[in-house]
Amino acid sequence: MTRTEARKRIESLSEEIRGHDHRYYVLNQPAIADAQYDRLMRELIGLEEQFPDLRSPDSPTQRVSGELRTAFQKTRHAGAMLSLDSLMTADELREFDGRVRKALEVETVAYVAEPKFDGLSVELVYEDGVFVRGSTRGDGEVGEDITANLRTIRALPLKLAGGGPGGSPRGLVAVRGEAIMPLSEFAALNRRLIEASDEPFANARNAAAGTVRQLDPKITASRRLDLFAYEVMRAEGVTLASQQAMLAALRGWGFHVETEIAVCAGLDQAIAFHERLRERRDRLPYEIDGVVIKVDRRDWQELLGVRSRSPRWAVAFKFPPREEVTRIVDIVVQVGRTGKLTPVAQLQPVDVSGVTVSRATLHNQDEVERKDVRVGDTVRVRRAGDVIPEVVEVLKDQRPRGTEPFQMPRKCPVCGARVDRVGAYHLCTNGLACPAQLAGHLEHFAARGAMDIVGLGGKTVRQLMEAGLLEDLADIYRLTPIDLAGLEGFAEKSIENLMAAIEASKRPKLDRFLFALGIEHVGGTVARLLADHYGGLDPLFEADEETLQEIHGIGPEVAESVRHFFSSARNRRVLDRLTQAGVRPVAEKRTKGPQPLAGQIVLFTGTLEQMTRPEAAKKAEAAGARVASGISKKVTLVVAGPGAGSKLDEAKKLGLSIVDEAGFLKRIGEA
Ligand code: IVH
């Protein structure tokens, strides 16, 4: 490829990838399969390696770059980053509205109400449309340069697009927004931190701040932050007449802009928006701590001006706090499906932003020790979204006399078996002979997203276990109406319903069935990978760790766990009994783009010139093939490069189809 051709191709690839990033991270509407995206990305990386001087700083390949640092540089903002006055009541808000109307000498004022994101405020600077610098708010005038970290946030455009009322701005553009951590990512991150005996974050805001201020951009990249833009601080040559126009301009430039805002004809509508959002607060995917109410007209904003550090044209109307103070009445230890012991604080019930909280997780012994939580302590508790309430800290000065440090039990509180410590956790060693583990297992098996047996929740599972009706998963399918008839709470109709739900669960999709088995490290995603790859249960019995790891997305830990599960005699017995009971998982082919090599088994031998072996294997898999490591009659296609030796001879003897690298690329439609 000539330089000119390469430049053209790099430009068109970058454009295409940028479009896909925007669809995926901002609009939440992906248009292509991951494998296809990877293919574009790999082609771009390859071209940029070949022509390093054509690699531009706004290339999609340049999200994770920059070295480990020891400190952040200070940087002066393009404009002052103001803060907002906080109000707690509708009355205070009416006073604000009164002041605004009086100053403007008008009857009514139109406002824009936006969620108040609970994250880290950042300034983003673009020169001629290219992202050049990003910084924290700092003291409002000078912040810390966190450019390398912000680049890793996929919702942040490295190059401004040219749609909307903002057009394609030249010169300097400074945008303000909030870097946040979605609650699902926050929960996953804390789980990982606790597992590694590291300190978890107290809330999603601290997690976002800690991630954005990481000295190692690779760590920032590994945690998925999001970024919402809400203010154009400066844009040379662009006039925006209102806050609405400003948001539209930001959206046109490619930023993630919240769509759930309210354009309010007067203050009452803004108050109503605050109420609506407050009711929905727990169901939002990220944390907000109030509503920001802004005068819509920009000329009026200017007229109203700024008082010391905050504008007179905007206020934050906050939600009630997420934290409350209460007392620990007891600490009990729960045993989960995997045998993990979790200490749980029993609290004097307390209302935390509208929900009564009476229990809070303490995670594990390390956490209890770190916070030094004791029965009798007064503590600050916090709840956020659907996340389980947590003890934030102990108010030590209120500790009564004679409290004792908490100790995990040496024996399982449910079955009395020995407890082993593994890393940060204490585990019951009794496996499925421990009723708590069995109950967890059964409950997980029957749950939505797994076998989806409506009516077989935790309470019913325990009731059936106590009646001696459930000793393993397969027992579910041996239940009869007569078994259930004598039990409390089971009338004719509910028996009928449960029997029907059990019957209906006998043909689960393979991935759901694999998930339902509760194999360690096999969540929904891994279950889908396994189901897609193997298409049935039988091949999984034979799969060794090496072949499992050939699946893109499956690492050694998962492979170990899967192999371990399927090689256990006990598990095989349960699987046999499930089969006998008529449970037949069905494999469902997922549509993931064209699969020209579907069903083929490909062997690579000799040297490849245009790609590495792992790349080739990935391509083959993306095209639907399985990759073999040795020659056998099962192989359907041999890809032979220069230097191929005995395997090629063998393949010829067996009469297998043989192609060269170009032939392979042609078959997968990449020639
Ligand atoms: S506007 C001059 N809009 O809240 C107006 N701020 O307590 C500048 N915040 O530090 C701010 N969501 O980081 C604005 N939709 C939103 C916001 C928002 C969150 C933060 C902002 C500021 C803090 C003020």
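This structure is a prediction, so every number in the text was calculated from the model and none was measured. Throughout, a residue's number is its position along its own chain's written sequence, starting from 1. Thresholds applied to this predicted model are a pLDDT of at least 70 for local features of residues and 80 or more for the giving and counting of side-chain atom pairs; totals over whole chains, interfaces and linings are not thresholded and use all residues. Water and hydrogen atoms play no part in the side-chain values, which are based on all heavy atoms of the structure.

Engineer: What exactly am I supposed to notice about the UniProt feature "active site" (unreviewed entry) in the protein here?
Structural biologist: UniProt positions are given in the numbering used here, feature names are shortened, and annotations may be inferred rather than shown by experiment. Under the feature "active site" (unreviewed entry), the UniProt entry names Lys116. In this structure, Lys116 is in contact with Ile288, Asp289, Gly290, Val291, Val292, Ala316 and Lys318, ignoring residues within four places of it in sequence. Residues are treated as being in contact if the distance between any of their heavy atoms lies within 4.5 Å.

Engineer: Would you explain unusual backbone geometry in this entry?
Structural biologist: Unusually for a residue other than glycine, Glu105 sits at a positive phi of about 55°. Labels follow the DSSP assignment, with helices taken as runs of H or I lasting at least four residues and strands as runs of E lasting at least two, numbered in each case from the N terminus. Along the chain, the position of Glu105 falls in the loop between α3 (90-104) and β3 (111-117). Here Glu105 falls in the exposed class, since its relative accessible area comes to 71%. One non-glycine residue with positive phi stands out, namely His363, at about 70°. Note that His363 resides in the loop between β16 (355-361) and α11 (365-371). The cut-offs for exposure are 20% and 50% of the maximum accessible area for each residue type, with area from a 1.4 Å probe on protein chains only; residues under the lower value are buried, those over the upper are exposed, and the others partly exposed. His363 gets classed as buried once you look at its relative accessible area, which sits at 18%.

Engineer: Explain the nonpolar core here, please?
Structural biologist: Looking at soluble globular proteins, one finds that nonpolar side chains tend to be buried together. We define the nonpolar core as a collection of buried residues of types Ala, Val, Leu, Ile, Met, Phe, Trp, Tyr and Cys that are connected through side-chain atoms lying within 4.5 Å of one another. Within the largest apolar cluster, 55 residues are counted, with the highest numbers of intra-cluster contacts made by Ile453, Leu514, Leu530 and Phe566. Of all elements in the fold, only α12 (435-446), α13 (458-466), α15 (492-504), α16 (510-516), α17 (524-534), α18 (538-542), α20 (556-567) and α21 (569-580) reach the threshold of two or more residues within this core. Residues Ala155, Met181, Ala229 and Val257 belong to the second largest nonpolar core, which totals 43 residues.

Engineer: Help me understand the side chain of Asn203 in this model?
Structural biologist: Relative to the elements of secondary structure, Asn203 occurs in the loop between α5 (183-195) and α6 (204-212). Contacts of Asn203, omitting those with residues within four sequence positions, involve Phe186 and Arg382.

Engineer: Even after reading the chapter, I still don't get the sheet that holds strand β10 (residues 288-295), so can you show me in this structure?
Structural biologist: Within a beta sheet, neighbouring strands are joined by backbone hydrogen bonds and run either parallel or antiparallel to one another. The strand order β2-β13-β10-β3-β9 describes an open sheet built from 5 strands, whose pairing is mixed. The open sheet terminates on both sides in strands that have one partner only, identified here as β2 (85-87) and β9 (262-264). The mean angle between the axes of side-by-side strands here comes to 30°, regardless of whether they run parallel or antiparallel. Two strands are counted as paired when DSSP detects at least two bridges linking them. Sheet topology note: the β2/strand β13 (residues 314-318) ladder contains 3 bridges and is parallel. Paired with Asp85 across the bridge in β13 is Val315. Convention adopted: a line fitted to C-alpha atoms gives each axis, helices being fitted over their contacting stretch, and angles between N-to-C directions are expressed from 0 to 180 degrees. Here α3 sits on the sheet in contact with β2, β3, β10 and β13, set at roughly 170° to β13.

Engineer: Can you walk me through the packing of aromatic side chains in this structure?
Structural biologist: The relative placement of two aromatic rings is captured by the distance of their centres and the angle of their planes. Only centres within 6.5 Å qualify two rings of Phe, Tyr or Trp (six-membered ring in Trp) as a pair; their planes then separate them into stacked at under 30 degrees, edge-to-face at over 60, and tilted for everything else. One pass over the full model with this rule turns up 11 aromatic pairs. On the basis of an interplanar angle of 15° and a centroid distance of 6.2 Å, the ring pair of Phe117 and Tyr230 is categorised as stacked. Placement of Phe117 in strand β3 and of Tyr230 in strand β8 (residues 226-235) is noted, with a sequence separation of 113 residues between them. In this pair, the class of Phe117 matches that of Tyr230, namely buried. Lying across the ring of Tyr425, Lys340 places its NZ or CZ 4.2 Å from the centre. Look at NZ for Lys and CZ for Arg. If either is within 6 Å of the ring centre and within 35 degrees of the ring normal, a charge sits over the ring.

Engineer: What's the story with a negative patch on the surface in this structure? I'm lost.
Structural biologist: Taken together, Glu195, Glu520, Glu557 and Glu560 make up a surface patch of like negative charges. As for its placement among the helices and strands, Glu560 is situated in helix α20. Residues with no salt bridge and a relative accessible area higher than 30% make up the patches, which join like charges within 9 Å and nonpolar side chains (Val, Leu, Ile, Met, Phe, Trp, Tyr) within 5 Å. Areas reported as accessible are Shrake-Rupley estimates using a 1.4 Å probe. Residue values count occlusion only from the protein chains shown. Within this document, salt bridges are pairs made up of a side-chain nitrogen of Lys or Arg and a carboxyl oxygen of Asp or Glu, the two lying within 4 Å of each other. When charges are counted, Lys and Arg are positive and Asp and Glu negative, with His and the chain ends excluded. By convention, the point assigned to a charge is CZ for Arg, NZ for Lys, CD for Glu and CG for Asp.

Engineer: Is there a simple way to think about empty space enclosed by the protein in this case?
Structural biologist: A probe matching the size of a water molecule, rolled over the atoms, marks out where space remains unfilled. Put plainly, a pocket is an open set of points on a 1 Å grid over the protein atoms alone with protein on both sides within 12 Å along at least five of seven lines, a cavity is a set where a 1.4 Å probe fits but cannot get out, and a lining residue has an atom within 4 Å of a point. Grid points are joined across faces, edges and corners, and a volume is the space filled by probe spheres set on the points. Applying the stated criterion to the full structure yields 4 cavities of 30 Å³ or more. The volume enclosed by the second largest cavity comes to roughly 40 Å³. Contributing to the lining of the second largest cavity are Glu114, Pro115, Phe117, Ala229, Tyr230, Leu247, Val257, Glu258 and Ile261. Among the secondary structure elements, those contributing two or more residues to the lining of the second largest cavity are β3 and β8. Top element by residues in the lining of the second largest cavity is β3. It accounts for 3 residues. Each residue is assigned to one of three groups, with Ala, Val, Leu, Ile, Met, Phe, Trp, Tyr, Cys and Pro labelled nonpolar, Asp, Glu, Lys and Arg labelled charged, and all others, Gly among them, labelled polar. Among the residues forming the lining of the second largest cavity, the class breakdown is 7 nonpolar, no polar and 2 charged.

Engineer: Mind showing me how you'd approach the pairing of β8 here?
Structural biologist: Sheet faces and side chains relate simply in a regular strand, where the side chains alternate between the two faces. For β8, a buried count of 8 out of 10 residues is recorded, marking the element as mostly surrounded by other parts of the structure. Here strand β7 (residues 172-180) pairs with β8 via 8 bridges, running antiparallel. What sits directly across from Gly177, in β8, is Ala229.

Engineer: Help me understand the environment of Glu114, please; the structure alone is not making it clear to me.
Structural biologist: Topologically, Glu114 is positioned in strand β3. When its relative accessible area of 4% is taken as the criterion, Glu114 is described as buried. Considering only alpha carbons, one finds Glu114 and Leu47, 67 residues apart in sequence, at a separation of 43 Å. Excluding its chain neighbours within four sequence positions, the residues that come into contact with Glu114 are Tyr230, Gln243, Leu247, Ile261, Phe273, Gly290, Val291, Val292 and Lys294.

Engineer: Can you walk me through the sheet that holds strand β22 (residues 626-628) in this structure?
Structural biologist: A sheet is described by the order of its strands in space; here 4 strands give the open sequence β22-β21-β23-β24, paired in parallel fashion. Across the chains shown, the open sheet's two edge strands, defined by having one partner strand only, are β22 and β24 (657-659). Within the sheet, the average angular offset between the axes of one strand and its neighbour, ignoring direction, is 30°. Inspection of the sheet shows strand β21 (residues 601-605) paired to β22 by 3 bridges, in the parallel sense. Bridge assignment links Ile601 to a residue of β22, and that residue is Arg626.

Engineer: Honestly, α17 in this entry has me stumped. Any pointers?
Structural biologist: The α-helix winds at 3.6 residues per turn, so residues separated by three or four positions along the chain end up facing the same way. Restricting attention to buried positions, one finds in α17 the residues Val526, Ala527, Leu530, Ala531, Asp532, His533 and Tyr534. Looking at the buried residues of α17, the elements they touch are α16, α18, α19 (545-549), α20, α22 (613-622) and β22. Of the residues flanking the end of α17, it is Gly535, one or two places downstream, whose phi is positive at about 65°.

Engineer: Help me understand helix α2 (residues 34-50) in this model?
Structural biologist: An expected span of 1.5 Å times one less than the residue number is assigned to each helix. Taking 1.5 Å per residue as the helical rise, α2 with its 17 residues ought to reach 24 Å, and the 24 Å between its terminal C-alpha atoms agrees with that figure. Check the buried side of α2 and you find it contacts α1 (3-26).

Engineer: What exactly am I supposed to notice about the environment of Ile153 here?
Structural biologist: Mapped onto the secondary structure, Ile153 falls in the loop between α4 (147-151) and β7. Judged by its relative accessible area of 2%, Ile153 falls in the buried class. Remark: the alpha-carbon pair of Ile153 and Thr220, spanning 67 residues in sequence, is separated by 8.4 Å. For Ile153, the residues in contact, after removing those within four places along its chain, are Arg63, Ala179, Leu225, Asp226 and Leu227.

Engineer: Explain the site of the ligand here, please?
Structural biologist: Nearness is defined per residue: one heavy atom within 4 Å of the molecule or strand is enough. Taken together, 14 residues lie around the ligand, and Glu114, Phe117, Glu178, Tyr230 and Lys294 are the ones closest in. We call two N or O atoms a polar contact when they sit within 3.5 Å, provided that within protein one can donate a hydrogen and the other can accept it, with sequence-adjacent residues counted only if both atoms are side-chain atoms. Between the ligand and Pro115, the relevant distance is 3.1 Å, taken from a nitrogen atom to a main-chain nitrogen or oxygen of the residue. Within the contact set of the ligand, an oxygen atom lies 3.2 Å away from a side-chain nitrogen or oxygen of Lys116. Within the complex, 92% of the 530 Å² of free accessible area of the ligand lies under protein. For the shell around the ligand, the secondary structure elements donating two or more residues are β3, β7, β8 and β10. Sort the elements by how many residues they give to the shell around the ligand and β3 lands first, with 4 residues. By residue class, the composition of the shell around the ligand is 7 nonpolar, 1 polar and 6 charged.

Engineer: Would you take a moment to explain the pairing of strand β18 (residues 390-394) for this structure?
Structural biologist: Within β18, 4 of the 5 residues are buried, which leaves the element mostly enclosed by the surrounding structure. Alignment of strand β17 (residues 378-382) against β18, held across 4 bridges, turns out to be antiparallel. From the neighbouring strand, Val381 faces β18, where its bridge partner is Val391.

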